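Here are the chains, one letter per residue:
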Amino acid sequence: MLPDTVKPGKSLLEADSYGLNLVRWMQQCELMKHYYQADRVFVLQKTDTGFEIIVSAADAHMRFVPGKHFDDDSALLQQMISSDTEGLNLDLTQTEVGALPKEFNDALCLLSRPVAWPDGSEFGCLCVVNAHANEIQHVSPMMLEPFQILLQQDLALLCQNHRIEALSMRDPTTGMLNQYGFIMMAPRQLNLGRRFGAHCGIIFFELCYEESLDADTKQKGHRELSRLLVSTLRAADMAALYDDNKFVLLVFVDLERDLKHIVHRVQKQFALSPLPMTLDASSQFFAPDSTAKLAPMLDEALAGLNSVKTAQQ
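Counting of residues starts from 1 at the beginning of each chain's written sequence and follows it residue by residue. At least 70 in pLDDT is required for a residue's local features to be given in this predicted model, at least 80 for side-chain atom pairs to be given and counted, and no such filter applies to totals for whole chains, interfaces and linings, which use all residues. Each side-chain value is derived from all of the structure's non-hydrogen atoms; neither hydrogens nor water enter the calculation.

1. Section: the environment of isoleucine 149
- Relative to the assigned elements, isoleucine 149 resides in helix H3 (residues 145-169).
- Here the term buried applies to any residue with accessible area under 20% of the maximum for its type, exposed to any over 50%, and partly exposed to those in between, with areas from a 1.4 Å probe on protein chains only. A relative accessible area of 37% places isoleucine 149 in the partly exposed class.
- Through-space distance from the C-alpha of isoleucine 149 to that of valine 115 is 8.3 Å; in sequence the pair is 34 residues apart. Here a strand is any run of E in DSSP of at least two residues, a helix any run of H or I of at least four, and the numbering for each starts at the N terminus.

And the structure:
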């Protein structure tokens, strides 16, 4: 299976492509173009909206440039992507007029090899198009195999990097971001919110329980609180497990009192749980014109939590 963070229907030009070297793909396209003395060489990806060119060799006519989109009802492109591993060698002069995308109107022949994701599902294909002669009709598409293997190895590496990223940035018990993941991702979200004039707040929740409590019950408390937080937050908000028993939230609100409403709602819902633990909280409000960085904001909110605990003692 592919990692949850890899969306096969999303273009690689838009997705988080950790460690993916598209420049190398482009160089391989240029190499294939020179070898086959072809007019166009490109890598095509099947997406949720159709087919998209990810990289290509230089194209004087600009018909097959990266980002070029084709509709998903093209029988030719679907045939190229769904072909056997050995690929296709097609004489396009025998194709009926109108059966091909207009960009292929002057093409005489075509070579292609399908490319698969690591789980075997269709990624797309690599394609060599010639418009000036029929020479490549007699050249085996097997010469595309090294490039095909390179593409599939890079896609496997991409998926592996996503898995490593998920393991290093997420807590395995709750599936939430861990402290490292929060510190890495929250500044971008914070800056984006400020750019649109949004008020924000930092909220800390701390699970309080007896030290003698068994590990299984502690994990149940973590999962219960993480479930409440995820169901409470909106799309722009972020939540993370900050340490062993503290959770941190970055939320965007209209008014400072909204932070208290969030805290009260979470505490009220958590109190309904039969688990032998309570929930402390602390929050800090920050206006859009605040220039505070994330680290000082976290320190202020955390200090508030500590002061609450001191006052209770």
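2. Focus on the pattern of salt bridges
- Here, a salt bridge means any side-chain nitrogen of Lys or Arg that lies within 4 Å of a carboxyl oxygen of Asp or Glu. Considering all chains together, one arrives at 12 salt bridges under this definition.
- Aspartate 59 is the salt-bridge partner of arginine 40, the closest N and O atoms lying 3.7 Å from each other. One end of the pair, arginine 40, is in strand E1 (residues 40-47); the other, aspartate 59, is in the loop between strand E2 (50-56) and strand E3 (69-70), with 19 residues separating them in the sequence. Considered together, arginine 40 and aspartate 59 belong to a single accessibility category, that of buried residues.
- Close ionic contact of glutamate 103 with lysine 102 constitutes a salt bridge, the shortest N to O distance being 3.4 Å.

3. Some remarks on the layout of surface pockets
- Roughly 1,100 Å³ of internal volume is contained in the largest pocket.
- Lining the largest pocket are 33 residues, and of these Asp16, Tyr18, Arg170, Leu177 and Met185 sit closest to its centre.
- Secondary structure elements with two or more residues in the lining of the largest pocket: H3, helix H4 (179-195) and strand E9 (238-241).
- Residue classes in the lining of the largest pocket are distributed as 19 nonpolar, five polar and nine charged. Grid points spaced at 1 Å over the protein atoms alone were grouped into cavities, where a 1.4 Å probe fits but cannot get out, and pockets, open sets with protein on both sides within 12 Å along at least five of seven lines, with lining residues defined by an atom within 4 Å of a point. Grid points are joined across faces, edges and corners, and a volume is the space filled by probe spheres set on the points. Polar here means any residue other than Ala, Val, Leu, Ile, Met, Phe, Trp, Tyr, Cys and Pro, which are nonpolar, and Asp, Glu, Lys and Arg, which are charged; Gly is therefore polar.

4. Quick word on a nonpolar patch on the surface
- Candidates for patches are residues over 30% relative accessible area with no salt bridge; among them, like charges are joined within 9 Å and nonpolar side chains (Val, Leu, Ile, Met, Phe, Trp, Tyr) within 5 Å. Only the protein chains shown count as covering a residue, and every accessible area follows the Shrake-Rupley method with a 1.4 Å probe. Judged by side-chain polarity, Tyr180, Met184 and Met185 come together as a nonpolar surface patch covering roughly 310 Å² of accessible area.
- Looking at the secondary structure, you find methionine 184 in helix H4.
- With relative accessibility at 49%, the residue methionine 184 sits in the partly exposed group.

5. Let's talk about the pairing of E9
- In E9, alternate side chains face the same way, and those of Met238 and Ala240 on one face and Ala239 and Leu241 on the other are all buried.
- A pair of strands counts as paired when DSSP detects no fewer than two bridges linking them. Bridge count for strand E7 (residues 177-178) against E9 is two bridges, and the pairing is parallel. Within E9, the position partnered with leucine 177 by the bridge is alanine 240.
- The pairing of E9 with strand E10 (residues 246-253) spans four bridges and is classified as antiparallel. Residue alanine 239 lies in a different strand from E10, and its bridge partner there is leucine 249.

6. Some remarks on helix H6 (residues 257-271)
- With 15 residues, H6 should cover 21 Å at 1.5 Å per step; its first-to-last C-alpha distance of 21 Å lies within 8% of that length.
- For H6, the set of buried residues is Leu259, Ile262, Val263, Val266 and Phe270. Viewed along the axis of H6, the buried residues span an arc of 95°, placing them on a single side of the element. Residues of H6 that are exposed and point more than 90 degrees away from the buried face comprise Arg257, Lys260, His264, Lys268 and Ala271.
- Throughout, a residue-residue contact means that at least one pair of heavy atoms, one from each residue, lies within 4.5 Å. The inward-facing, buried residues of H6 abut strand E8 (199-208), helix H5 (215-232), E10 and strand E11 (278-286). In a helix, the anticipated span is given by 1.5 Å times the number of residues less one. The arc in question is the one spanned by the directions pointing from the helix axis to the C-beta atoms.

7. Brief notes about the sheet that holds E3
- An order of E3-E2-E1-E6-E5-E4 is seen for the six strands of this open sheet, with the pairing classed as antiparallel. For this open sheet the edge positions go to E3 and strand E4 (88-91), each flanked by a neighbour on one side alone.
- Axes here mean lines fitted to C-alpha atoms, for a helix over just the part in contact, with angles spanning 0 to 180 degrees between N-to-C directions. Relative to E2, helix H1 (residues 22-36) is tilted by about 85°, and along the sheet it contacts E1, E2, strand E5 (109-116) and strand E6 (122-130).
- Lying on the sheet, helix H2 (residues 75-82) is in contact with E1, E2, E3, E4, E5 and E6; it crosses E6 at an angle near 115°.

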